[in-house]
Amino acid sequence: MENTNQNEKNKKKVTSKQVVAMTGIILLVLLYVITLIAAFVDKTASGSLFTACLFASIGIPFLIWIYTWMYGKLTNKKTFADFDAGIDEAEKE
């Protein structure tokens, strides 16, 4: 009985930050893999796919930041996307 209680305490809770970060990582890795496969299969479109991959490498993290920031504003919660995330309350005054 005590062993099951100990296992429940040791389990870590998955936060929304972790879910968003993992989603972004998976999207970027899939993007690179698809671009690499397409470059081997179709040589004519590899340049445009590489350009799209570069833009998405900047765009996907930026969109994740915007969604996180908007979530914080709509729910009135403090998120890592806030402009004052690194400032302590004492420094604000």
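Before any of the text, the structure's been laid out above.
The residue numbers shown here count from 1 along each chain, following its written sequence. Per-residue local features are limited, in this predicted model, to residues with pLDDT of at least 70; the limit for side-chain atom pairs, both in listing and counting, is 80 or more; totals at the level of whole chains, interfaces and linings are taken over all residues. Calculated side-chain values reflect all of the structure's heavy atoms, with hydrogen atoms and water omitted.

Peer 1: Just to check I follow, could you spell out a nonpolar patch on the surface for this structure?
Peer 2: Two distance rules govern patches: like charges are joined within 9 Å, and nonpolar side chains (Val, Leu, Ile, Met, Phe, Trp, Tyr) within 5 Å, applied only to residues with over 30% relative accessible area and no salt bridge. Here the open area of atoms and residues is found with the Shrake-Rupley method and a 1.4 Å probe, where only the protein chains shown may cover a residue. Basic side-chain nitrogens of Lys or Arg form a salt bridge, by our definition, when they fall within 4 Å of a carboxyl oxygen of Asp or Glu. On the surface, a cluster of nonpolar side chains totalling about 1,100 Å² of accessible area is made up of Met-22, Ile-25, Ile-26, Val-29, Leu-30, Val-33, Ile-34, Leu-36, Ile-37, Phe-40 and Val-41. Its location among the elements puts Leu-30 in helix 2 (residues 16-41). Residue burial is assigned from relative accessible area. The probe radius is 1.4 Å, only protein chains are included, and a residue is buried under 20% of its type maximum, exposed over 50%, and partly exposed in between. Since its relative accessible area comes to 46%, Leu-30 is described here as partly exposed. Every helix listed is a DSSP run of H or I at least four residues long, and every strand listed is a run of E at least two residues long, numbered separately from the N terminus.

Peer 1: Where do I start with helix 3 (residues 46-75) in this structure?
Peer 2: For an α-helix, 3.6 residues make a turn, and residues three or four places apart therefore share a direction. Take the residue count of a helix, subtract one, and multiply by 1.5 Å to get its expected span. Its 30 residues give helix 3 an end-to-end C-alpha distance of 42 Å, which sits within 8% of 44 Å, the value for a rise of 1.5 Å per residue. A bend of about 30° at Ala-56 is the largest found in helix 3. Listed as buried for helix 3 are Cys-53, Ala-56, Ile-60, Ile-64, Thr-68 and Gly-72. Tucked inside the fold, the buried residues of helix 3 contact helix 2. One or two residues past the end of helix 3 sits Asn-76, with phi positive at roughly 55°. Two axes enter the definition of the bend at a residue: one is fitted to the seven residues ending there, the other to the seven starting there, and the bend is the angle between them. Residue contacts are defined here by distance: any two heavy atoms, one from each residue, within 4.5 Å place the two residues in contact.

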